[in-house]
There are 2 protein chains.
Amino acid sequence: MSNLIDEDISTIQAKYEAQKIAFAPIMFQAARVLRDSGILNLVKKNRRKGITPEEVANDLGISIYGVKVLMEAGMAMDILRLEGGRYYITKCGFFILNDRMTQVNMDFVHDVCYRGMFNLEEAIQTGKPAGLRELGPWKTIYQGLSSLPEKVQKSWFDFDHYHSDYAFPDALPLVFKRNHKKLMDIGGNTGRWAFQCVEYSPEVAVAILDLPGQLDMAEKNIRENGLEKRISTIAIDILDQSRSFPEGYDAIWMSQFLDCFSEDEIVSILKRAYAAMDNSSVLYILETYWDRQSYEAARYCLIGTSLYFTCMANGNSKMYHSKDMLRCLREADLVVEEDIDGVGISHTLFACRKR
Amino acid sequence: MSNLIDEDISTIQAKYEAQKIAFAPIMFQAARVLRDSGILNLVKKNRRKGITPEEVANDLGISIYGVKVLMEAGMAMDILRLEGGRYYITKCGFFILNDRMTQVNMDFVHDVCYRGMFNLEEAIQTGKPAGLRELGPWKTIYQGLSSLPEKVQKSWFDFDHYHSDYAFPDALPLVFKRNHKKLMDIGGNTGRWAFQCVEYSPEVAVAILDLPGQLDMAEKNIRENGLEKRISTIAIDILDQSRSFPEGYDAIWMSQFLDCFSEDEIVSILKRAYAAMDNSSVLYILETYWDRQSYEAARYCLIGTSLYFTCMANGNSKMYHSKDMLRCLREADLVVEEDIDGVGISHTLFACRKR
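Keep in mind the model is a prediction, meaning the values are calculated, not measured.

**Student:** What should I look at first to understand the pairing of strand β1 (residues 80-83) of chain B in this one?
**Tutor:** Consecutive residues of a regular strand have side chains that alternate between opposite faces of the sheet. Pairing of β1 of chain B with strand β2 (residues 86-89) of chain B involves four bridges; the strand directions are antiparallel. Looking at the pairing, Arg81 of chain B lines up with Tyr88 of chain B of β2 of chain B.

Following this line, the structure appears as C-alpha cells:
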C-alpha cells in the first residue's frame, strides 16, 4: 500500500481530493461521453499538434458549447491537457479510451450500476440489493441475468468474463498437474471454464452446477460444440441449504463464485463441498482478494465491485479479504494445501483438502 | 495549474487514475453513506486509537457486512486509513465530514444531479437539459425551483447561496465606494444581495429583477423585514429579448447570473443593460471564472458545475473562461473599468461602463 496518500498530504491537496469525490458522478459521465462521442479518439489522433474545441466541434458535428464543457471536464480530470489553447490526451486519457479493462469497468458501472447506486443507503440498512429495482423485479441479479436489456446484459457479461477468464490459462496447469478425471464446476455459468478444461485435458469430464437460467446458455454451447459426452449440467439452487452436492468427483472447482455469497452462505457451501469429497478430492477456489493485490488499481476495482454486490446483486456478498475466506474454510474443516497468488495477475488459487 | 498530474506520471499510476474515474459513481455513494450513516463521525471521534469495523457495527447498529464494504471503500478512496486492523480518518475524510463546501457540493450532486446526469450524452446532442426530467417536467430548472421536492430544493439553495454569498462582504465596499443611490439587481433571486446593500448603505434603493416565482420568495422577505420602501421587485423573463430593462439606475448588478445563459443570451442581456445605462452608470458583474482560480479544487468545482448547467439546468450555459465573458462585453460595447480577482476567494468583479 505504498502509493496511498498519507498524512503528509497538504490541506489544500486534501480539500481538492474531497472535491473530486464530491463531483465524481458528474465527472464520470463527462469522461464516458468524451469517450463515446468520439472526442477522445479525435484528440488522440491529433496528439502531436493538439486540437482546439472549435476544430473538434467542426469535425464531429457537436456544438461548440457541448465540446467545451466536456473538454474542460476532461482537463479537470487530467484525461486531457490544455496548453496554448490546444488540448492533448494524457496517459490516463489513453486508458479511458483504449484500455479494455477500463472500458469494461466503465460500461459496467454506467449500464448496470449507475442508477441503482442512488439507493446504496437503503441497501446497507436492509441487507437487500435496493438498487436492483432499477433493472428489474428480481430478488437477486442472478435471477434476472438472462432477461436483462441487451446493452445491460452485454456490459454485465463483458465485466464478468473479463475479470475471470484471463486467469484460466494460468490456472489450468495448476489444476491438471493432479490429473483429475471428474471435475465438478460449481457456479459454472455459461461453461467457459468447462470448455477450457476439456480442451486442455483429453481425459477429464466436467459437470457444471448452476441455476437453471444460466444452464440454458451452457447447454446451448455444449450442443453446438458436440461435447455432450464430456460436459454435463446439474441444475441446483446453491442457496437451498438442504441440497447436498453430488459425490464422486475428484476435483471441485469454484471460480469467482464464493464472492457472490455472504460469509454464512460460504460456510454452508463449503460444508456441503466437504460432504461430497473423499480424502483424495481437491477443492479449488479461484478468487481475487483485495489484500493480495500488487496494484492499487486492482484493489480499487475489487473494493468498488463489493458495492455492486451490496446494492445491485444480492445485498450481502463482497470481494473478500483473504483472511475472511481462510476463516470460512477452517469452519468447514478444510485445509489449504496450496496458496498461489498472481494467477492471471490478480487471482489467488487455493487448493484445499479435507482436514 | 502547477499541481496537475503531468506526463511524468507512471503508466501504473495512470491506469489507477483511470479506474478511479471508472468507479467514481460507486465510490461517491459510498463516501456519502459513510458520512450520512455516522460512520465517518465515529471514526473521527476515535481518531487517536482507531476503530475496527466490529466496533463501528456495534456502536451504530449497522451490519458488520455493511460497515466493512463502506469502510473498505473509504480506505480505497483515502478518506480512511487502515493500519493494524484499525481504521483512522484522513485529512480528506475530515473535509468530507466537516467542510461546509464539500458537504454542500456532495448534497447538490446527489440530490439535484445524480439521477439526471445519466442522460448527459442526450443533453450534449440536443442542447437541452435532458436530465431535468428526473426532477420534473420543466423546460429549465428555474421554472421548477419553487416546486422542487423539499430536500432537493434545500440542496439547490444551499449550493447556490454557499457559492455566491461569501463574496458579498468583499464586494459591498468595492461597489459602494461609488455611492450609488439606485441599484438594479438583475437575477436577484430571493433578495440576499439586496438586503445586504440596504444594510451597508443607508442611501441606496434596490430593485430586484427576476422571474415571478423567485420574486414571491423575495417579496415575502421584504414584507417580513418592513423594507418595502427601499427594496422593490420587477417581474421579467430575461430570456424574452423584446423586454428592455428599466432605465434610471446608476448601478446594475449581476451576481452569478450570466453563467446561467448561453453566450448569445449573455450578449443580448448585456446589450439591453447597455441601453438602460447612461454615461455615468456602472454595470457590475460578479462571477467565478475557471481560469482565474488560485486553487485547483475551486477550478474543479466550477468545471463540474458547468455540466450541471448542461444536463440539469438549461442545456446551454456554463462557468466561463474570463476571455469568453470579455468577448461578450466587447460585443455589447461595454468596457471593463475595474477587473478585481479574489473577491471572496473565488470571484472576479468587473465594473463596466459604456464605451
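**Student:** Any chance you could explain the relation of the copies chain A and chain B here in plain terms?
**Tutor:** For the pair of chain copies, the relating transformation is a rotation about an axis with a translation along it. Turning chain A through 180° and shifting it by 0.0 Å along the axis lays it on chain B, with an RMSD of 0.0 Å. Given the turn and translation reported, the copies of this chain are related as if by a two-fold rotation axis. The rotation axis passes nearest to the C-alpha of Pro25 of chain A in chain A, at a distance of 2.3 Å. Of the residues that chain A buries at the interface, 100% are likewise interface residues in chain B, meaning the two copies contact each other through the same surface.

**Student:** Would you take a moment to explain the sheet that holds strand β5 (residues 231-235) of chain A for this structure?
**Tutor:** The strands making up a sheet are joined through hydrogen bonds of the backbone, oriented either antiparallel or parallel. Residue and element names in this part refer to chain A. The seven strands are arranged β5-β4-β3-β6-β7-β9-β8 in an open sheet whose pairing can be described as mixed. Strands at the two margins of the open sheet, each flanked by one partner only, are β5 and β8 (334-343). For this sheet, the mean inter-axis angle between neighbouring strands, taken without regard to orientation, is 20°. Taken strand by strand, helix α11 (residues 168-176) contacts β3 (182-186), β6 (251-255), β7 (282-287), β8 and β9 (347-354), and its axis lies near 145° from that of β8. On the sheet, helix α13 (residues 212-224) packs against β4 (205-210) and β5 and is oriented at approximately 165° with respect to β5.

**Student:** I'm lost on the interface of chain A and chain B in this one. Help?
**Tutor:** By a frequent convention, interface size equals the accessible area lost on bringing the separate parts together. With 89 residues of chain A in contact, the opposing surface of chain B contributes 89 residues. Together chain A and chain B conceal approximately 8400 Å² of surface at their shared face, both sides included; 71% is due to carbon and sulfur atoms. Area buried by chain A at its contact with chain B is led by Tyr65, Phe118 and Tyr300 of chain A, which between them contribute 10% of it. Counting across the chain A and chain B interface gives twelve salt bridges. If you look at where chain A meets chain B, you find 17 residue pairs in polar contact (both at pLDDT 80 or more).

**Student:** Looking at this structure, I do not really get a nonpolar patch on the surface. What am I missing?
**Tutor:** Taken together, the side chains of Ile12 of chain A together with Tyr295 and Ile345 of chain B present a nonpolar region at the surface, about 320 Å² in accessible area. Structurally, Tyr295 of chain B is set in the loop between β7 (282-287) and α15 (296-313). Using a relative accessible area of 41% as the deciding quantity, one classes Tyr295 of chain B as partly exposed.

**Student:** Explain the packing of aromatic side chains to me, please; I cannot follow it from the model alone.
**Tutor:** Note on aromatic pairs: each is described by the distance of the centres and the angle between the planes. Inspection of the entire model under this criterion finds 31 aromatic pairs over all chains. Seen in terms of ring centroids, Phe176 of chain B and Tyr200 of chain B are 5.9 Å apart; in terms of plane orientation they differ by 40°. Their pairing is tilted. Here the residue Phe176 of chain B occupies a position in helix α11 (residues 168-176), and Tyr200 of chain B occupies one in helix α12 (residues 192-200), the gap between them amounting to 24 residues. Taking relative accessible area as the criterion, Phe176 of chain B reaches 8% and is therefore assigned buried. Taken together, Phe28, Tyr114 and Phe118 of chain A together with Phe28, Tyr114 and Phe118 of chain B form an aromatic cluster joined through their ring pairs. Over the ring of Tyr274 of chain B we find Lys354 of chain B, and its NZ or CZ is 4.5 Å from the ring centre.

Parameters and conventions
- Residues numbered from 1 in each chain as written.
- Chains lettered and ligands numbered in written order.
- Predicted model: local features only at pLDDT ≥ 70, side-chain atom pairs only at ≥ 80, totals over all residues.
- Heavy atoms only, no water.
- Pairing = 2+ DSSP bridges.
- Helix = DSSP H or I, 4+ residues; strand = E, 2+ residues; numbered from the N terminus.
- Least-squares fit on C-alpha atoms with pLDDT ≥ 70 in both.
- Contact = heavy atoms within 4.5 Å.
- Axes fitted to C-alpha atoms, helices over the stretch in contact; angles between N-to-C directions.
- Buried area = accessible area lost by both parts, 1.4 Å probe.
- Salt bridge = Lys/Arg side-chain N within 4 Å of Asp/Glu carboxyl O.
- Polar contact = N/O pair within 3.5 Å; in protein donor to acceptor, adjacent residues only side chain to side chain.
- Patch = residues over 30% accessible without salt bridge, like charges linked within 9 Å, V, L, I, M, F, W, Y side chains within 5 Å.
- Areas by Shrake-Rupley, 256 points an atom, 1.4 Å probe, with all protein chains shown as cover.
- Buried < 20%, exposed > 50% of the residue type's maximum accessible area, 1.4 Å probe, protein only.
- Phe/Tyr/Trp six-rings, centres within 6.5 Å; stacked < 30°, edge-to-face > 60°.
- Lys NZ or Arg CZ within 6 Å of the ring centre and 35° of its normal.

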